[in-house]
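Structural characterization, general
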Amino acid sequence: MSKKKELGKGLRALLSNIESTQNTTEKVELVKELSANYALINLESIEVNPYQPRTEFDQDELMDLAKSIKIHGLIQPLTVRNLGGNKYQLISGERRIRASKMAGIKEVPAYIRLANDQEMLELALIENIQRADLNALEVAISYQRLMDECELTHESLSERIGKNRSTITNYVRLLKLPPEIQNSIKGGEISMGHARSLAGISDIMKQMDAYKQSINGAWSVRQLENYLRDQQSSKKVANSVAAKSDDEIQLEKITKDLSKVFGTKVMIKRDNQGKGQFVFKFSNDKEFNSIYDILTDLD
């Protein structure tokens, strides 16, 4: 989707042409080109957004992101507004820019916006999403940009681009995946189907384990889904066993022992006060007589 460039003559000329042209069609084309490219911008040239609603950030999460950026780089570019010359103002990416500074990064990739290009940007991004050569992560970034920069909800975006709301949600969830998995999406190692299944795992350790097994085993999407389903079933069984009290476990053992003795199904109904009854199942007179003989022999 995007081609990384240093902010040289090409992008400078593009910014200048957008500001100077009065032709709407030409301006849309120029904005389209600008929105599809991101430049490397010096962090010192970007000022914070004074209208940033979020002021508090989890320091541990920022540190984790900073470590990730050091290793993998900044995968999702910032979005900045050109203020003229080499000065920019942050539009979206406050958390990413803070983590980049913590990581000691000097330059960051950023999409450049103009002060008055919102409608044209929306048109350009929507048209860009329709391209067939975008990978799933590029589509996810485009959806997120539309929502962040054009102030669209999942619902309004779904109406604009003719996609189900759930489709948009599934793509945007990819941006929360660990960088290693995101890079695999970009590199074509895993498909959107794989990524969607992995995004549904809340435990990051289990998420990475499933991802690595999928890569090492060259699993299809169905194989990954079956693995995750089996894991979920095993977890439910384990939770069910763990939830049983000692009394319940003991009662189950007694029930099984009695069923073996009488050769038929035996049920024990017992309340919290210890009151209850034994229920012996029988299908015919022979089974009834067998139960009766055992009970009378016990006397």
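Quick caveat, the model's predicted, so the values are computed rather than measured.

What follows is about the packing of aromatic side chains. On inspection of all chains with the given rule, the structure shows 3 aromatic pairs. Centre to centre, the rings of tyrosine 143 and tyrosine 171 are 5.6 Å apart; their planes meet at 85 degrees, and the pair counts as edge-to-face. Taken together, the residues span a long stretch of sequence, with tyrosine 143 in helix H6 (residues 136–149) and tyrosine 171 in helix H8 (residues 165–172) at a distance of 28 residues. With a relative accessible area of 2%, tyrosine 143 lands in the buried category. Tyrosine 171 sits in the buried class, given a relative accessible area of 18%. Between tryptophan 219 and tyrosine 227, the ring centres sit 5.1 Å apart and the planes meet at 45 degrees, which makes this aromatic pair tilted. This pair shows no difference in class: tryptophan 219 is buried, exactly as tyrosine 227 is. Cation over ring: arginine 145 sits above tyrosine 111, and NZ or CZ is 3.6 Å from the ring centre.

Attention shifts here to the pairing of strand E5 (residues 87–92). Across 2 bridges, strand E3 (residues 46–47) lies against E5 in parallel orientation. In the strand pairing of E5, glutamate 47 is matched with glutamine 89. As paired elements, strand E4 (residues 78–84) and E5 share 5 bridges and run antiparallel to each other. The residue of E5 that forms the bridge with glycine 84 is lysine 87. Linking two consecutive strands that pair antiparallel, namely E4 and E5, is a turn of 2 residues; a positive phi of about 65 degrees is found at glycine 85 within it.

In this section: the packing of H6 against H8. One can describe the packing of H6 onto H8 by two numbers: an axis separation of 8 Å at closest approach and a directional angle of 110 degrees. With respect to H8, the axis of H6 lies roughly perpendicular. In contact with Ala136, Val139, Ala140, Tyr143, Gln144 and Met147 of H6, H8 contributes Ile168, Tyr171 and Val172. Grouping the amino acids of the contact of H6 with H8 by side-chain chemistry returns 8 nonpolar, 1 polar and no charged.

Basis of the calculations
- Residues numbered from 1 in each chain as written.
- Predicted model: local features only at pLDDT ≥ 70, side-chain atom pairs only at ≥ 80, totals over all residues.
- Heavy atoms only, no water.
- Phe/Tyr/Trp six-rings, centres within 6.5 Å; stacked < 30°, edge-to-face > 60°.
- Helix = DSSP H or I, 4+ residues; strand = E, 2+ residues; numbered from the N terminus.
- Buried < 20%, exposed > 50% of the residue type's maximum accessible area, 1.4 Å probe, protein only.
- Lys NZ or Arg CZ within 6 Å of the ring centre and 35° of its normal.
- Pairing = 2+ DSSP bridges.
- Axes fitted to C-alpha atoms, helices over the stretch in contact; angles between N-to-C directions.
- Parallel < 35°, antiparallel > 145°, perpendicular 65-115°, else oblique.
- Contact = heavy atoms within 4.5 Å.
- Nonpolar A, V, L, I, M, F, W, Y, C, P; charged D, E, K, R; others polar.

Honestly, it's all geometry; don't read function into it.
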